[in-house]
Amino acid sequence: MTAPLRNAEAILHCAGCAGRNHGVCGSLSDRTLARVAQRARAISVAANDRLCEEDVTCHHIALVQSGMLRMQSHSLAGRRKITGLVVPGDSIGQIIRGTRDTAIEAVIDTKLCLFEAANFAQLIEQEPELRRALCHQAENWTEKARRLSLLLGAYGPASRLRALLLLAPSIMPWKALPDGGGVLTMLLPRQDIADLIATTQETVSRSLHQFQKDGLIDILNARQFRLNDLEALSEGLEEILHH
């Protein structure tokens with residue numbers, strides 16, 4: 001098969017990918033994306049399956065096509081902490097040798113483009129667009145880590161949960177409604193929510209029911225919430241939401 005035909009197939013494959021217009025892939029031209037796609041192997045990871053172990057070397061790099069993953073670590077006491085969420089367009093894995101301090105698991109069924117680390121390192125050397133995209137993502141991860149650190153350090157559990165509800169529509173299913181509110185489908189189970197915002201499932205449930213009592217949200221079912229008053233939900237959270 002000629003190179004132009006391989007490029008056309010790669011572009012066609014990427015056209016239907018949820019991550020094509022986001023994150024790393026969203027910064028790449030069709031030419032560069034085709035070169036990247038040619039080196040990829042498509043895989044699927046079932047919900048709760050682990051892609052990378054904690055405190056070991058990960059020998060692959062992946063670009064997320066669809067779904068969601070969580071980065072997590074455990075304290076010496078065994079308590080789990082979720083340190084970040086990985087969504088379509090993000091890259092995960094190790095380019096620099098050494099062990100990582102977080103494990104990576106699928107939150108829901110997830111599709112990935114998987115690369116051998118050595119092959120991906122070659123692509124980075126050859127493609128300036130890919131280098132720039134990865135540097136930009138690193139900046140975004142640093143900002144996300146700063147925001148999460150601020151949220152956990154400066155706000156109580158109920159405020160952390162309000163912030164999560166307001167930030168979630170950018171990475172989870174969201175249906176805007178004419179009155180300015182919307183319906184959020186929360187992809188994270190309750191334990192993941194609790195471990196992300198450093199609280200307990202009981203506190204999450206109690207806070208959600210209090211938000212409903214206050215008219216801020218309606219709990220439609222275990223995973224869907226109608227956010228009624230975005231302005232009231234965001235009160236006092238400006239530094240988290242707008243930086």
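Our structure is the block above this text.
Only a predicted model underlies this, so the values are computations on that prediction, with no experimental measurement involved. (Residues numbered from 1 in each chain as written. Predicted model: local features only at pLDDT ≥ 70, side-chain atom pairs only at ≥ 80, totals over all residues. Heavy atoms only, no water.)

Visitor: Quick question: what am I supposed to make of empty space enclosed by the protein here?
Guide: It is a probe the size of a water molecule, rolled over the atoms, that shows where empty space is left. Using the criterion set out here, one finds one cavity of 30 Å³ or more in the structure. Of the volumes computed, that of the largest cavity is approximately 110 Å³. What lines the largest cavity is a set of 14 residues, and nearest its centre among them are Cys14, Cys17, Cys25, Leu63 and Cys113. Of the residues belonging to the lining of the largest cavity, the class tally is eleven nonpolar, two polar and one charged. (1 Å grid on protein atoms, 1.4 Å probe; cavity = no way out; pocket = protein on both sides within 12 Å on 5 of 7 lines; lining within 4 Å. Points joined across faces, edges and corners; volume = space filled by probe spheres on them. Nonpolar A, V, L, I, M, F, W, Y, C, P; charged D, E, K, R; others polar.)

Visitor: What is the right way to read the pairing of strand S12 (residues 224-227) from this model?
Guide: Two faces, one strand: in a regular strand the side chains alternate between the faces of the sheet. Of the two faces of S12, the one holding Phe225 and Leu227 is buried and the one holding Gln224 and Arg226 is not buried anywhere. Here four bridges tie strand S10 (residues 182-185) to S12, and the two strands are oriented antiparallel to one another. Directly across from glycine 182, in S12, lies its bridge partner leucine 227. Both strand S11 (residues 217-219) and S12 contribute to a ladder of three bridges, which runs antiparallel. Looking at the pairing, aspartate 218 lines up with arginine 226 of S12. Linkage of S11 to S12, two consecutive antiparallel strands, is achieved through a turn of four residues. (Buried < 20%, exposed > 50% of the residue type's maximum accessible area, 1.4 Å probe, protein only. Helix = DSSP H or I, 4+ residues; strand = E, 2+ residues; numbered from the N terminus. Pairing = 2+ DSSP bridges.)

Visitor: Before we go on, may I ask you to explain the sheet that holds strand S2 (residues 50-52) in this structure?
Guide: Picture the strands of a sheet paired through backbone hydrogen bonds; they go either parallel or antiparallel. The four strands are arranged S2-S7-S4-S5 in an open sheet whose pairing can be described as antiparallel. With partners counted over all chains shown, the strands left at the sheet margins are S2 and strand S5 (80-86), one partner each. Each neighbouring strand pair of the sheet contributes to a mean axis angle of 35 degrees, computed without reference to strand direction. As paired strands, strand S4 (residues 69-74) and S5 are joined by six bridges and run antiparallel to one another. (Axes fitted to C-alpha atoms, helices over the stretch in contact; angles between N-to-C directions.)

Visitor: Explain the packing of helix H6 (residues 157-167) against helix H8 (residues 201-213) here, please?
Guide: The geometry of a pair of packed helices is captured by two quantities: the angle between their axes and the separation between those axes. Where H6 contacts H8, the axes come no closer than 10 Å and their chain directions differ by 70 degrees. The angle between H6 and H8 falls in the class roughly perpendicular. Taken together, the residues of H8 that come into contact with H6 (itself represented by Pro157, Ala158, Leu161, Arg162 and Leu165) are Thr203, Val204, Ser207, Leu208 and Phe211. Across the contact of H6 with H8, the residue classes tally to seven nonpolar, two polar and one charged. (Parallel < 35°, antiparallel > 145°, perpendicular 65-115°, else oblique. Contact = heavy atoms within 4.5 Å.)

Note that every value here comes from positions in space, so none of it alone points to a role or purpose.
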